[in-house]
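Summary of the model geometry
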Amino acid sequence: MPRSQQVLRWLNLGHLSALALHQSYQALAELRRAEDPPWLLLASADAHLSLGAAQTAAAELDRNAKKNLIVVQRPLGGGLVWIEPAHLNYFLLATPSSVRRRPEDWLEVLAPSLCALHAAFGLHVELVAEQELRCAGQRIGSTGAASLGSSVVLAGSFLLRGDWISFCNSVAAPSPDFRQALERALAASLLTWEEAGVLVPSHAQLAHAWREILQAEGWKIEVDALRPVEQQAIAAQELEAVDWESRGRRRVRDGIKLRASAFLTQRHWPEGWLRVWTEDGRYRAVDSNLFPAELCWALTGIEAASPMLPLLFEGYLGTQAALWQQRLETLAVWSDHQ
């Protein structure tokens, strides 16, 4: 938070096509000079799937997504993101410094205003894991980042309303049951403003409230419009082509990230399948066509390295205990860095 008045260039770009959304922040980040003040872009966009910079469509998506939805490869990090017109997206473009080198450092700068903005509409949120805003334990906002030109780019969204069915239907899945499990897991892990039961503001109301909060924190907001050279650069900006052929490595082995420290994975073997939902160092849910229901229930809430695991497997699976415990532990994902 600025101690003295720091300038913030404010650009509300309105509603954009899926391609124009990603062209805008990329082109502006590359045009922006290191000596410029931070820029904050706001925009909504047509519905689309956005792949992280290191992801491949062939590894992350069902082939039907290519026919049914717009898919964009963004230059920002993070995982697969579903963007729809109800979301209000923001992009902070800033120059890294010795004090604020990482995107997470800039999120810390924005976090007080983001928390205050949610509070102004009746939502208590907190910053978790340097990247995620949570309300009542559920993700209500998260960020992606990259370095483009002389700028650090920090991107996030206000999830005012959301329909995750199209997202779930587009994710690469080993079975229809996985998609159904993903729907349930997302419902438990993600929260929209509408689901939280508050009166959902318009994008204009939300933007106005945020601007006032930032000004109260000491920012000097310079409301601006795109200049001709910037409009030309955006129109000319080329995005990386979506690769539907190279399989690549899936960002989350055998599944998908739900939120920070929460993952859903599934794998099939000749004799059966196993699905694991991990959350905050514990097994949130375990399902298998070979496990007794009592074992699945007993595993719920167990810590990753609990000494109870071998006892439970031996008690319910006998001679197959060691094999399936190993498969469970191999399939479970606990962090992005696994």
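Everything in this summary refers to the structure shown in the same document. What you are looking at is a predicted structure, and each value in this text was computed from that prediction instead of being measured. (Residues numbered from 1 in each chain as written. Predicted model: local features only at pLDDT ≥ 70, side-chain atom pairs only at ≥ 80, totals over all residues. Heavy atoms only, no water.)

One can describe the packing of helix α4 (residues 103-120) onto helix α7 (residues 203-217) by two numbers: an axis separation of 9 Å at closest approach and a directional angle of 130°. Taken together, the axes of α4 and α7 are oblique relative to one another. For α4 against α7, the interelement crossing comes out right-handed. Side by side, α4 and α7 meet where Leu-110, Pro-112, Ser-113, Leu-114, Ala-116 and Leu-117 of the first sit next to Leu-206, Ala-209, Trp-210, Ile-213, Leu-214 and Glu-217 of the second. Here the residues of the contact of α4 with α7 are counted per class, giving 10 nonpolar, 1 polar and 1 charged. (Axes fitted to C-alpha atoms, helices over the stretch in contact; angles between N-to-C directions. Helix = DSSP H or I, 4+ residues; strand = E, 2+ residues; numbered from the N terminus. Parallel < 35°, antiparallel > 145°, perpendicular 65-115°, else oblique. Left-handed = near helix turned anticlockwise from the far one by under 90°. Contact = heavy atoms within 4.5 Å. Nonpolar A, V, L, I, M, F, W, Y, C, P; charged D, E, K, R; others polar.)

Across a sheet, paired strands are connected by hydrogen bonds in the backbone, their directions being either parallel or antiparallel. In spatial order, the strands read β7-β8-β9-β10-β6-β2-β1-β11; together these 8 strands make up an open sheet with mixed pairing. Both edges of this open sheet fall to β7 (126-128) and β11 (219-224), since each of them pairs with a single strand only. Recorded for the sheet is a direction-independent mean angle of 25° between the axes of neighbouring strands. Bridge count between strand β1 (residues 6-16) and β11: 6 bridges; the pairing is parallel. Residue pairing for β11: Val-7 is matched across the bridge by Lys-220. Lying over the sheet, α4 contacts β6 (88-94), β7, β8 (132-135), β9 (138-148), β10 (151-158) and β11, oriented at roughly 30° with respect to β10. (Pairing = 2+ DSSP bridges.)

What follows concerns unusual backbone geometry. The phi angle of most residues is negative, glycine excepted, and most peptide bonds adopt the trans form. Its identity as a non-glycine residue notwithstanding, Ala-129 has a phi of 55°, on the positive side. Positionally, Ala-129 belongs in the loop between β7 and β8. On the accessibility criterion, Ala-129 (47% relative accessible area) is partly exposed. Of note, the phi angle at Asp-254 is positive, near 65°, even though the residue is not glycine. Within the secondary structure, Asp-254 is located in the loop between α8 (228-236) and β12 (255-259). Owing to a relative accessible area of 22%, Asp-254 belongs among the partly exposed residues under this scheme. (Buried < 20%, exposed > 50% of the residue type's maximum accessible area, 1.4 Å probe, protein only.)

Now for the sheet that holds strand β15 (residues 282-288). The 4 strands are arranged β12-β13-β14-β15 in an open sheet whose pairing can be described as antiparallel. Single-partner strands in this sheet number two, and they are β12 and β15. Each adjacent strand pair in this sheet contributes to an overall mean axis angle of 15°, direction not counted. One ladder, built from 4 bridges, connects β12 with strand β13 (residues 262-269); its direction is antiparallel. Residue pairing in the sheet places Arg-259 in a bridge with Ala-262 of β13.

All told, the structure shown has 11 aromatic pairs when counted by the stated rule. Ring pairing ties together the aromatic residues Trp-10, Tyr-90, Phe-121, Phe-158, Trp-193 and Trp-210, which thus form one cluster. The side chain of Arg-9 reaches across the aromatic face of Trp-39, ending 4.4 Å from its centre. Of note, Arg-211 hangs over the ring of Trp-10, and the distance from its end group to the ring centre comes to 5.9 Å. (Phe/Tyr/Trp six-rings, centres within 6.5 Å; stacked < 30°, edge-to-face > 60°. Lys NZ or Arg CZ within 6 Å of the ring centre and 35° of its normal.)

To continue, consider the state of the cysteines. Taken as a whole and judged by the stated rule, the model has 0 disulfides. Note on Cys-135: no disulfide assigned, nearest cysteine sulfur contributed by Cys-115 at a separation of 11 Å. (Disulfide = S-S within 2.5 Å.)

Attention shifts here to helix α1 (residues 18-31). A rise of 1.5 Å per residue sets the reference length of α1, with its 14 residues, at 20 Å; its end C-alpha atoms lie 21 Å apart and thus fit the reference within 8%. Taking burial as the measure, the 14 residues of α1 include 11 buried ones, the bulk of the element. (Expected span 1.5 Å × (residues − 1).)

Buried residues dominate strand β2 (residues 39-45), accounting for 7 of its 7 residues. The alternating pattern of β2 places Trp-39, Leu-41, Ala-43 and Ala-45 and Leu-40, Leu-42 and Ser-44 on opposite faces, both of which are buried. Crossover β1 to β2 through α1 is right-handed. One ladder, built from 5 bridges, connects β2 with β6; its direction is antiparallel. Residue pairing in the sheet places Leu-40 in a bridge with Leu-92 of β6. (Right-handed = clockwise from strand over helix to strand, strands pointing away.)

Helix-helix packing is characterised by the crossing angle of the two axes and by the distance between the axes. Taken N-terminus to C-terminus, the directions of α1 and α8 make an angle of 125°; their axes are 8 Å apart at the nearest point. Looking at the two axes, α1 sits oblique to α8. Every pair of crossing elements has a handedness; the one defined by α1 and α8 is right-handed. Contacts from Gln-23, Ser-24, Ala-27, Leu-28 and Leu-31 in α1 reach Val-229, Glu-230, Ala-233, Ile-234 and Ala-235 in α8.

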